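Commentary on secondary and tertiary structure
The chain contents come next:
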Amino acid sequence: MGNGKHKIRLRLLPIQGKDLIDPEGYELSHFKLVKYIKNPSGKGLKYNEEIMKLPLPPMPTPLPYVEMEWEVEITDLPYKLEGWKNSKVFKKGDSLEIKKQVVAYYEELRGILNDGEAEEWINRISRERKEIWTCLYEEESNINENVESLKEDVYQKYKNHMLPLEDYELFFYANGRILSLERKETEEFEGYDANIKGWGPLIYKTDSGGVYHIGMMIHMPKGSDKFKVIR
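The sections below set out a description of the structure shown in this document. (Residues numbered from 1 in each chain as written. Predicted model: local features only at pLDDT ≥ 70, side-chain atom pairs only at ≥ 80, totals over all residues. Heavy atoms only, no water.)

The helix and strand inventory of the chain stands at four helices and ten strands. Scanning the chain from its N terminus toward the C terminus, one meets helices and strands in the order β-α-β-β-β-α-α-α-β-β-β-β-β-β. Within the chain, the proportion of its 231 residues that are buried is 35%. Taking as baseline every contact in the chain between residues at least 6 positions apart, the subset at least 24 positions apart corresponds to 60%. Surface accessibility of the chain: about 14600 Å² in total, with carbon and sulfur atoms responsible for 49%. Both charge centroids of the chain, one from 35 positive and one from 40 negative side chains, sit 6 Å from each other. (Helix = DSSP H or I, 4+ residues; strand = E, 2+ residues; numbered from the N terminus. Buried < 20%, exposed > 50% of the residue type's maximum accessible area, 1.4 Å probe, protein only. Contact = heavy atoms within 4.5 Å. Areas by Shrake-Rupley, 256 points an atom, 1.4 Å probe, with all protein chains shown as cover. Lys, Arg positive; Asp, Glu negative; His and termini not counted. Charge placed at Lys NZ, Arg CZ, Asp CG, Glu CD.)

Shown next as structure tokens:
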């Protein structure tokens with residue numbers, strides 16, 4: 001979350017509906033690490049500068065997944081984010097009990113959105129938004145506009161439009177520091193032929209029939225017994 005050595009771990013999975021990764025498509029894949037540079041004028045980003053290409057190991061035969069890891073050293077980052085460095089670590093072995101707590105928190109978030117409690121919603125996501133805006137070098141004036149836009153979303157999109165939480169699974173990320181509920185595979189959803197596997201469970205339906213989800217990951221700060229939105 002700041003300068004120093006960091007590990008990047010990447011897992012590639014087959015395309016939806018397949019059990020194995022296609023070697024031909026895999027060979028065409030490429031990944032690179034870039035950095036966002038602040039514009040000298042102080043207005044947003046100047047450009048993305050490539051730091052390094054991330055090499056892919058050979059895959060002579062189709063595999064169910066490929067996992068890779070690299071170590072990089074960052075030396076010129078102008079800010080430091082706490083992120084989930086000090087978050088509580090949850091164990092997958094306790095997932096049944098943890099899931100009850102996570103679902104209760106997501107239900108709480110859903111209630112805030114469905115009741116149109118815009119100020120409370122901003123309060124819940126303020127830290128997550130601040131970290132994102134910091135790394136994107138967002139101007140203070142734009143931040144204020146973004147906050148007002150987020151409030152407007154609550155009034156115009158989410159209030160009285162949130163669907164019930166259902167048919168989800170619990171996922172662990174960042175070595176157990178980040179938790180997320182994600183929807184299971186579907187063939188049909190709200191009148192659409194659609195697979196919403198991986199969607200967050202906070203889903204709203206517009207008056208015109210459109211269906212959208214709000215991606216959300218949570219964590220528990222060290223020393224606390226309450227969940228918070230982290231991403």
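Okay, back to it.
If you walk through the whole model with that rule in mind, you get seven aromatic pairs. On the basis of an interplanar angle of 70 degrees and a centroid distance of 5.0 Å, the ring pair of Tyr158 and Tyr204 is categorised as edge-to-face. Separated by 46 residues along the polypeptide, Tyr158 in helix 4 (residues 140-158) and Tyr204 in strand 7 (residues 203-205) bring together distant segments of the chain. The residues Tyr158 and Tyr204 share a single accessibility class, namely buried. Taken together, the aromatic side chains of Phe90, Tyr105 and Phe227 make up a single cluster linked through ring pairs. (Phe/Tyr/Trp six-rings, centres within 6.5 Å; stacked < 30°, edge-to-face > 60°.)

This paragraph deals with the nonpolar core. Counting 34 residues, the largest nonpolar core has Val102, Trp121, Leu179, Leu202, Ile214 and Met216 as the members making the most contacts within it. When contributions to this core are tallied by element, the ones reaching two or more residues are helix 2 (95-114), helix 3 (118-135), helix 4, strand 5 (168-173) and strand 6 (178-183). Looking at which element gives the most residues to this core, the answer is helix 2, with eight residues. Ranked by size, the runner-up nonpolar core spans eight residues in total, among them Leu12, Ile21, Tyr26 and Trp70. (Core = buried A, V, L, I, M, F, W, Y, C linked by side-chain atoms within 4.5 Å.)

Let us now look at the pairing of strand 4 (residues 66-74). Burial along strand 4 is one-sided: the face carrying Val66, Met68, Trp70, Val72 and Ile74 is buried and the face carrying Glu67, Glu69, Glu71 and Glu73 is not. The sheet contact formed by strand 1 (residues 4-12) and strand 4 spans nine bridges and is antiparallel. Each bridged residue has a counterpart across the sheet, and for Arg11 the counterpart in strand 4 is Glu67. (Pairing = 2+ DSSP bridges.)

Another aspect to go through is helix 2. Spanning 20 residues, helix 2 covers 27 Å between terminal C-alpha atoms, matching the ideal 28 Å at 1.5 Å per step. Buried within helix 2 we find Ile98, Val102, Val103, Tyr105, Tyr106, Leu109, Arg110, Ile112, Leu113 and Asn114. Phi for Gly116, located one or two positions after helix 2, is positive at around 75 degrees. (Expected span 1.5 Å × (residues − 1).)

With that settled, the discussion passes to the pairing of strand 6. Most of strand 6 is tucked away: six of the six residues are buried. The two faces of strand 6 match: Ile178, Ser180 and Glu182 on one face and Leu179, Leu181 and Arg183 on the other face are all buried. Sheet topology note: the strand 5/strand 6 ladder contains six bridges and is antiparallel. Residue pairing in the sheet places Glu169 in a bridge with Glu182 of strand 6. The hairpin turn running from strand 5 into strand 6, its antiparallel successor, is four residues long, and Ala174 in that turn takes a positive phi close to 50 degrees.

Below, the discussion takes up the side chain of His161. As for its placement among the helices and strands, His161 is situated in the loop between helix 4 and strand 5. At a separation of 2.7 Å, a polar atom in the side chain of His161 contacts the main-chain carbonyl oxygen of Lys159. If near-sequence neighbours (up to four positions away) are discounted, His161 is found in contact with Asn114, Ile203, Tyr204, Lys205, Thr206 and Asp207. (Polar contact = N/O pair within 3.5 Å; in protein donor to acceptor, adjacent residues only side chain to side chain.)

By themselves, these observations are geometric and do not establish any function.
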